[in-house]
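Fold and contact review
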Number of protein chains: 2
Amino acid sequence: MQPKRSAIKIQDVAREAGVSVSTVSRVLNGKVDVAKDTQDRILTVIDELGYSSSLAARSMRSLRTNVIGLVMPDVEHPFSIEIMKGVNRAITESPFDLLVYTTGNVRKYAAANHERRFVAQLNNSITDGVIIVASANASIFLDKPVVSVDPHTIDPNYPSIYGTNYAGAMEAMEYLLELGHRRIGFIAGRPELESATQRLLGYKDALKKWGVAIDESLIANGDFSMPVSILAAKQILSLLERPSAIFAANDQSAIGVFEAARDMNLLIPEDLSVIGFDNITEANYINLTTVDQFLSEMGSKATRMLIKIINDEPLENRIHQIRTKLIVRGSCQRNN
Amino acid sequence: MQPKRSAIKIQDVAREAGVSVSTVSRVLNGKVDVAKDTQDRILTVIDELGYSSSLAARSMRSLRTNVIGLVMPDVEHPFSIEIMKGVNRAITESPFDLLVYTTGNVRKYAAANHERRFVAQLNNSITDGVIIVASANASIFLDKPVVSVDPHTIDPNYPSIYGTNYAGAMEAMEYLLELGHRRIGFIAGRPELESATQRLLGYKDALKKWGVAIDESLIANGDFSMPVSILAAKQILSLLERPSAIFAANDQSAIGVFEAARDMNLLIPEDLSVIGFDNITEANYINLTTVDQFLSEMGSKATRMLIKIINDEPLENRIHQIRTKLIVRGSCQRNN
DNA sequence: TTGAAAGCGCTAACAG
DNA sequence: CTGTTAGCGCTTTCAA
C-alpha cells in the first residue's frame, strides 16, 4: 500500500475558511463562542471538502470519544451474536457509537494475551469504555470503565453481568426428573470456567435432591465446542445402560448431542430427551428444549451499566444477574 | 467520568527498563537492530507492566495498523450478520484484526452523512482499509482502500461485491411459473436502490418471457422493511382476483407476507406460495423458499479483495458477483 | 546499538 | 470572539 497521507485535515479546513485551526475545532465540538457567520463559513467548507476529524487524533487529545468498545472472541457463534444484538439495541438508544473488536477467532492469538491486549488497545485509545464478552481475564485494571458479560470467573470487584447458571441447571434437571427420567447424562463445559462448574453443580445437586445416585460415567467432559461434544455424547450413549435424557452444558454441546444421536440412529425425542443450556436458534435444532440465558438482554444490560459508569451515575449493583428460563420446545418425552 | 490519563505508556516502559522510548518502540515494532539483552529486558518490563501501545497514537504516526474496518448500518438484522460472519471468517485466516463500526441504527443519524462520516473516521485513522455494507454513497474518495458489499448503486470505478439480482429474480419467477402460477404478486424494495430495481426488472421480464401480461396492481411498493411489507402484502392479497403466489424482494418483505397471510387466515403454501429474496434463517420462517444471496460469501470475498488491495496485489476484477441460487424449501405449491 | 528530537492531527488552556 | 501554543503517545529520521 502506498504510504499516502493526503486526507483532508483540520488545517485544510482552517486555511480554506481563513481562520485558525482552533476556531475550526471549536465549531467541530459545538462550542458556542463562535460568531454565527464564521461558523457558517466553516461548516460550509467542512461540507465542501468532505472533512471528517480523525478518530485517532481526537481520542489522543481528548478524554471523551463517545465510542463504546465491545471485545468479542468472535462474531460468528450465535452466543456472541446474541450478545452483540443486545448491545446494539442499547447503543441505538444512546449517543454512543459502537466499535466491535475481534481477531475473528479465539485461537488466533494465544488467548491469554489476546484479550488483555485488545482491551488495552481499545480502552487506552479510542473508546470511553469497553464491554468484554466471556472474559477469561478478570484482572484487567484500567482507568476507563470495563463491564464484562458472562465472565469466566466472578470477581465482585469487577462490574459484570452473568446468568443464573446454577439455578438454570437445576431447573432443567428438575424438568427431566419430573418427566420420570432417572439416568440423565451431562455434557460438561470447560472446567476452568465458572459457568461450567455452576452448571455441573446444578446437575449434581438436582440429582441429590431427588435422591438419584450420581453415576460419574454419565458425566462426559466437553469444552463447549461441538466436535468434542459429539465424542462426549457418543461415549455416554454407548453405555450399556443408556441414559434416557441428556443435559448439555451449552448450545454447541447440545448440537453435538443431536449429531451424535443422528450418527447412532437414535431418534430425538423418542429415544433420547435433550435439553441444552443457552438458546439455540439454529434452524435444524429449533425443537430443542433449552435453558435460555437471554444473552441479548445481558448485552443491553451491560451496555446500560457501562454508560452509567462512564457518566458517573450511581450503579445499584456492580454484579447483575439475568435470570435464565427453561424454554420447553417439545424435544423431551416422559420416561415410563 | 473522571478525566484520568494514567495508563501505562511507552515512557513508563522506557524508564523502567532504563532505555529511551525510541528503543522500546524499536522492540515493539520488531526492528532487528537492538541488542539481544536490551530487547529481553524491555520485553520483560512490557510484560510486567502489562503495557500495550495505544492504537490511537500508533495509527496517528504510522501508516499501517493491521486493522480492517467494517462499516455496517446495524448489527442486528440477519442480512448484516451474515455478511459479518463472512468477513470474520476471512479475517481469521489473515493477520488483520477486525473493527466493526456502527451507530446501532440506520436512522440514528441522517443516513446521508452517517456513512461517509464513519468511513472517514475509520479510514483516516485507525484502519488500513474498510468494507462498507449496503453503501448508499458511492462517491467516497479516500486514500485508503474501500470495498463495498451489495452497494446501492453500482459504480464500476469502485471495488465492490454484489449478487445477481436480476438473474435471481428471474429464477425465482420461472420456478413459480413452471409450477403453474400466473397471478404472481411482487413486494418491491426501495426504488432508489440498484438491487431493488434489478429484482423488479427480473420479475417483469420473467412474466414477459412467459407471455403473462403485467398487472400493475400485483406490484406493491415496499421498502425492504417488514412493517411496510405487511401492508403491501395485505393490499395485494385483498385484490378481487387474489394472486396464487408472491415474490418478495427481500427477507423482511417475505416475512411481511407471512405475517399478512397469517392475519388474513390464509395458509402457506396451500393458499399462497411465497418466495423471498435473501436467505431467511429465522426459525419461524424456515420453510420459506428463497433466492439465496450467499451473503457470508460476499463478506469473505470482499475481505479478501480488500486485503489484496492493501497489499498492493493485483485484482482480477474490481467488481465481483456472487451468484444467487434458488433454495426450494417446500413452501411453494403447484397451481392447477 | 542507542538517544534526541521532530512531528502525526487534534483539543484546550491562555492571551488578546 | 479568535489566534497562539503546548502537548496527547507514538514512530522515525538523524546523530552520536
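So, on to the confidence of the model for chain A. All names here are of chain A. Taken over all residues, the pLDDT of chain A has a mean of 85, while the share at 70 or more is 88%. Confidence over residues 1-5 falls short of pLDDT 50; this stretch has seven contacts with residues more than four positions distant or in other chains. Here residues 106-112 scores under 50 on pLDDT; set against residues more than four positions off or in separate chains, the count is eight contacts.

Turning our eyes to something else, we now look at the packing of helix H7 (residues 165-178) of chain A against helix H8 (residues 194-209) of chain A. Residues and elements named next belong to chain A. Look at H7 against H8: their axes get within 7 Å of each other, and the N-to-C directions meet at 35°. Relative to H8, the crossing made by H7 is right-handed. Contacts between H7 and H8 involve Asn165, Tyr166, Gly168, Ala169, Met170, Met173, Glu174 and Leu177 on the former and, on the latter, Ser195, Gln198, Arg199, Leu201, Gly202, Tyr203, Asp205, Ala206 and Leu207. Across the contact of H7 with H8, the residue classes break down as nine nonpolar, five polar and three charged.

This paragraph deals with the protein's contact with DNA strand C. Lining the immediate surroundings of DNA strand C are 27 residues, of which A:Lys9, A:Ile10, A:Ser22, B:Ser22 and B:Ala35 lie closest. Classifying every residue of the surface near DNA strand C gives 10 nonpolar, 11 polar and six charged.

It is worth spelling out the protein's contact with DNA strand D at this point. Close to DNA strand D lie 27 residues; A:Ser22, B:Lys9, B:Ile10, B:Ser22 and B:Ala57 are nearest. Taken together, the residues of the surface near DNA strand D sort by class into 10 nonpolar, 10 polar and seven charged.

In this section: the sheet that holds strand S6 (residues 184-187) of chain B. Residues and elements named next belong to chain B. Spatial strand order, S7-S6-S8-S9-S10-S12: six strands in an open sheet with mixed pairing. The open sheet has two edge strands, strand S7 (219-220) and strand S12 (325-327), and neither has a second partner. Taken together, the two bridges between S6 and S7 define a ladder with parallel strand orientation. From the neighbouring strand, Phe186 faces S7, where its bridge partner is Ile219.

With that settled, the discussion passes to the sheet that holds strand S8 (residues 245-248) of chain A. Residue and element names in this part refer to chain A. Spatially, the six strands line up as an open sheet ordered S7-S6-S8-S9-S10-S12, and their pairing is mixed. The open sheet has two free edges, formed respectively by strand S7 (219-220) and strand S12 (325-327), since each of these has just one partner strand. Where S8 and strand S9 (residues 273-277) come together, four bridges link them in parallel fashion. Bridge pairing links Ala245 to Ser273 in S9. Running over the sheet, helix H9 (residues 226-237) touches strand S6 (184-187), S7 and S8 and is turned about 160° from S6. Contacts from helix H10 (residues 251-263) reach S6, S8 and S9 within the one sheet, and its direction differs from that of S9 by about 160°.

Of note, the bond from A:Ile268 into A:Pro269 is cis; its omega dihedral lies within 30 degrees of zero at 10°. Here A:Pro269 lies in the loop between H10 and S9. Despite not being glycine, A:Asn265 has its phi angle at roughly 60°, a positive value. The topology assignment puts A:Asn265 in the loop between H10 and S9. For A:Asn265, a count of 7 C-beta atoms within 10 Å gives the class exposed. One non-glycine residue, B:Asp278, lies in the positive phi region at around 75°. Note on placement: B:Asp278 falls in the loop between strand S9 (273-277) and strand S10 (289-292).

Attention now moves to the packing of H9(A) against H10(A). Residue and element names in this part refer to chain A. Put simply, H9 and H10 touch, their axes get as near as 7 Å, and they point 55° apart. Classified by the angle between their axes, H9 and H10 sit oblique to one another. Judged by the sense of rotation from one axis to the other, the crossing of H9 with H10 is right-handed. Across from Met226, Ser229, Ile230, Ala232, Ala233, Lys234 and Leu237 in H9, the residues of H10 making contact are Gln252, Ser253, Ile255, Gly256, Val257, Glu259, Ala260 and Ala261. Along the lines of polarity and charge, the residues of the contact of H9 with H10 split into nine nonpolar, four polar and two charged.

So, how was this worked out
Residues numbered from 1 in each chain as written. Chains lettered and ligands numbered in written order. Predicted model: local features only at pLDDT ≥ 70, side-chain atom pairs only at ≥ 80, totals over all residues. pLDDT = per-residue confidence, 0-100. Contact = placed C-beta atoms within 7 Å. Axes fitted to C-alpha atoms, helices over the stretch in contact; angles between N-to-C directions. Helix = DSSP H or I, 4+ residues; strand = E, 2+ residues; numbered from the N terminus. Left-handed = near helix turned anticlockwise from the far one by under 90°. Nonpolar A, V, L, I, M, F, W, Y, C, P; charged D, E, K, R; others polar. Near = placed C-beta within 6 Å. Pairing = 2+ DSSP bridges. Buried ≥ 20, exposed ≤ 12 C-beta atoms within 10 Å, placed from the backbone. Parallel < 35°, antiparallel > 145°, perpendicular 65-115°, else oblique.

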